[in-house]
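The residues making up each chain are set out below.
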Amino acid sequence: MPPSLSTTTTAAAFAASTSSALLYSYSLVLLLLLSIHSSSASSKHWKQWSCDQLTPNLCELQVESGSVVIQSIPVHYWRYSRVKESNEEPPVTAATTATNSSSISHSIIALHGGPGWPHSYLLPLKQLACRGDTAEVIFYDQAGCGKSVPSTTTNASTTTTTSSFQDQYRHLLDPAYYSEIELPTLIDHWKLHRYHVLGHSWGTILAQMFALNYNINQHSTKHTTATKNNNNNDDDDNDKRGKLHSNQKVGGAGGGLQSLILSGPISNAKAYISAQWDAHDTNNLASLPPFIQYRIHALEDAAAYDTPEYKAIEGVLSTFFTMRTNPVPDCFEESVVGVNEGIYVGMQGASEFTIR
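A short tour of the structure in this document, coming up. Given the structure is predicted, the values throughout are model-derived calculations rather than measurements. For every chain, the first residue of the written sequence is number 1, and numbering continues from 1 along that sequence. Reporting in this predicted model follows two pLDDT cut-offs: at least 70 for local features of residues, and 80 or more for side-chain atom pairs to be given and counted; totals over whole chains, interfaces and linings ignore these cut-offs and use all residues. Note that the side-chain values use all heavy atoms of the structure and ignore hydrogens as well as water.

**Observations concerning the overall build of the protein**
For helices the rule is a DSSP run of H or I covering at least 4 residues; for strands it is a run of E covering at least 2, with both sets numbered from the N terminus onward. Helix and strand counts for the protein stand at 11 helices and 6 strands. In the protein, buried positions account for 38% of the 356 residues. A separation of at least 24 residues holds for 73% of the contacts in the protein among residues at least 6 apart in sequence. A 1.4 Å probe and the Shrake-Rupley method give the accessible areas. Residues count as covered only by the protein chains that appear here. Carbon and sulfur atoms make up 56% of the accessible area of the protein, which totals about 20,200 Å². Partly exposed describes any residue whose relative accessible area lies between the buried limit of under 20% and the exposed limit of over 50%, with all areas from a 1.4 Å probe on protein chains only and scaled to the type maximum. Only heavy atoms matter for contacts: two residues are in contact if any of them lie within 4.5 Å across the pair.

See below:
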């Protein structure tokens, strides 16, 4: 029986709608394929994320760089501050006139980890300079790593793991050099009035040593000044002694060190390592499968740090406990390239899971 008119019309409408749906689906598939092809083509040139992508600028920043030669090694630094708007008038106060820049009254000094790991991985912290109109963030590579290498070398990798380097620059294996000589010298060079010290990992050890040492020095300076006044002694040498390292005094609102910021702090190496293997903690090395723990201990007991097995374990665990953003961003990789293994192993030891 021939179809009715209504049936024919319905069939035609169905065919048309089906054809449109198929055409639409085909277009979507084509667009998807083109998108995949485009992504694939661009991915061939993709290497890694940048730290600027992970932490976009909160404001427009400017950087001033320089270096200071300390015990024959040029120590390089970078000072980040917010670019002022053209209509902004920098505040002029007694607190700011002692600095290199009349608009900076608070400086944050970042002490990188390691030992022997340059500052680059901390660069996202430069955004702290955007938090106030009169703030700056200062980074520097501690002597021996990154850009701060002896003038006879071009980078830290050429000075690593050799006994000759450790013999020639023995002071770089002494934490007191970094906290009592290097950092105070830099603070004097920068002519800082009020500053905060931010330490990360190994940098927290230096920060604590620095604060304790200069707190003692401040007390000693006050005692010297009081003795001078009691004796009515106007000798110039005593006066100079009373003003020695005035920029490093723990001064509160009056100047000097304002605060310590400790990220991943270490105050007791034995307690730190013990905590890493504490079975009551579900987020440390004791949370690893028993066989992995057994292999780590066995390899360390045999000092087999250069074996493929140890390096494979270390490589995997670093994505859990060292750098969880993986693939690693550019600033972290730059730090890895600039590591001085001679300093790192000389103080930390070759193990990544204990401190020798």
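Once you've had a look at it, read on.
**Observations regarding the sheet that holds strand β3 (residues 106–111)**
Taken in spatial order, the 6 strands line up as β1-β2-β4-β3-β5-β6 in an open sheet, and their pairing is mixed. Each of the sheet's edge strands pairs with one partner strand only, and the pair in question is β1 (61–70) and β6 (256–263). This sheet shows a mean twist of 20° between the axes of neighbouring strands, independent of strand direction. Bridging between β1 and strand β2 (residues 73–82) involves 10 bridges; their strand directions are antiparallel. Looking at the pairing, G66 lines up with Y77 of β2. Two strands qualify as a pair provided that DSSP identifies no fewer than 2 bridges between them. Here, axes are lines fitted to C-alpha atoms. For helices the fit covers the stretch in contact, and angles between N-to-C directions go from 0 to 180 degrees.

**As for the state of the cysteines**
Our working definition of a disulfide is a cysteine sulfur pair at a distance within 2.5 Å. Tallied over the full model, the rule gives 2 disulfides. Note that C51 is cross-linked by a disulfide to C331, the S-S spacing being 1.8 Å. Here C51 and C331 share a disulfide; its torsion about the S-S bond, -65°, makes the bridge left-handed. In this pair, C51 sits in helix α2 (residues 51–54) while C331 sits in helix α10 (residues 330–337), placing the two residues 280 residues apart along the sequence. The same class applies to C51 and to C331, which are both buried. Sequence-ordered numbering of the bonded cysteines in the protein gives a disulfide pattern of 1-4, 2-3.

**Let's talk about the pattern of salt bridges**
Pairing is possible between side chains of opposite charge, provided their charged atoms come close. The salt bridge criterion pairs a side-chain nitrogen of Lys or Arg with a carboxyl oxygen of Asp or Glu, the two atoms within 4 Å. As enumerated under the stated definition, the model contains 4 salt bridges in all. Close ionic contact of E309 with R295 constitutes a salt bridge, the shortest N to O distance being 2.7 Å. Highlighted residues: E309 in helix α9 (residues 308–321) and R295 in helix α8 (residues 290–301), separated in sequence by 14 residues. With relative accessibility at 32%, the residue E309 sits in the partly exposed group.

**Side note on the layout of surface pockets**
Detection works on a 1 Å grid of protein atoms alone, calling trapped sets that fit a 1.4 Å probe cavities and calling open sets with protein on both sides within 12 Å along at least five of seven lines pockets, with lining residues defined by an atom within 4 Å of a point. Grid points are joined across faces, edges and corners, and a volume is the space filled by probe spheres set on the points. Each pocket or cavity is described by its volume, and for the largest pocket that value is around 1,600 Å³. If you go around the largest pocket, you meet 49 residues; those closest to its centre are G114, T322, Y344, Q348 and E352. Mapped onto the lining of the largest pocket, the elements with two or more residues apiece are α5 (202–230), α7 (269–276), α9, α10 and α11 (341–347). With 8 residues, α9 is the single largest residue contributor to the lining of the largest pocket. Among the residues making up the lining of the largest pocket, the classes are represented as 27 nonpolar, 16 polar and 6 charged. Each residue receives one of three labels: charged for Asp, Glu, Lys and Arg, nonpolar for Ala, Val, Leu, Ile, Met, Phe, Trp, Tyr, Cys and Pro, and polar for the others, Gly being one of them.

**A closer look at a nonpolar patch on the surface**
Together, W46, W49 and L54 make up a nonpolar patch on the protein surface, roughly 290 Å² of accessible area in all. Of note, L54 is situated in helix α2. When its relative accessible area of 42% is taken as the criterion, L54 is described as partly exposed. Note on patches: the residues involved have over 30% relative accessible area and no salt bridge, like charges join within 9 Å, and the nonpolar side chains Val, Leu, Ile, Met, Phe, Trp and Tyr join within 5 Å.

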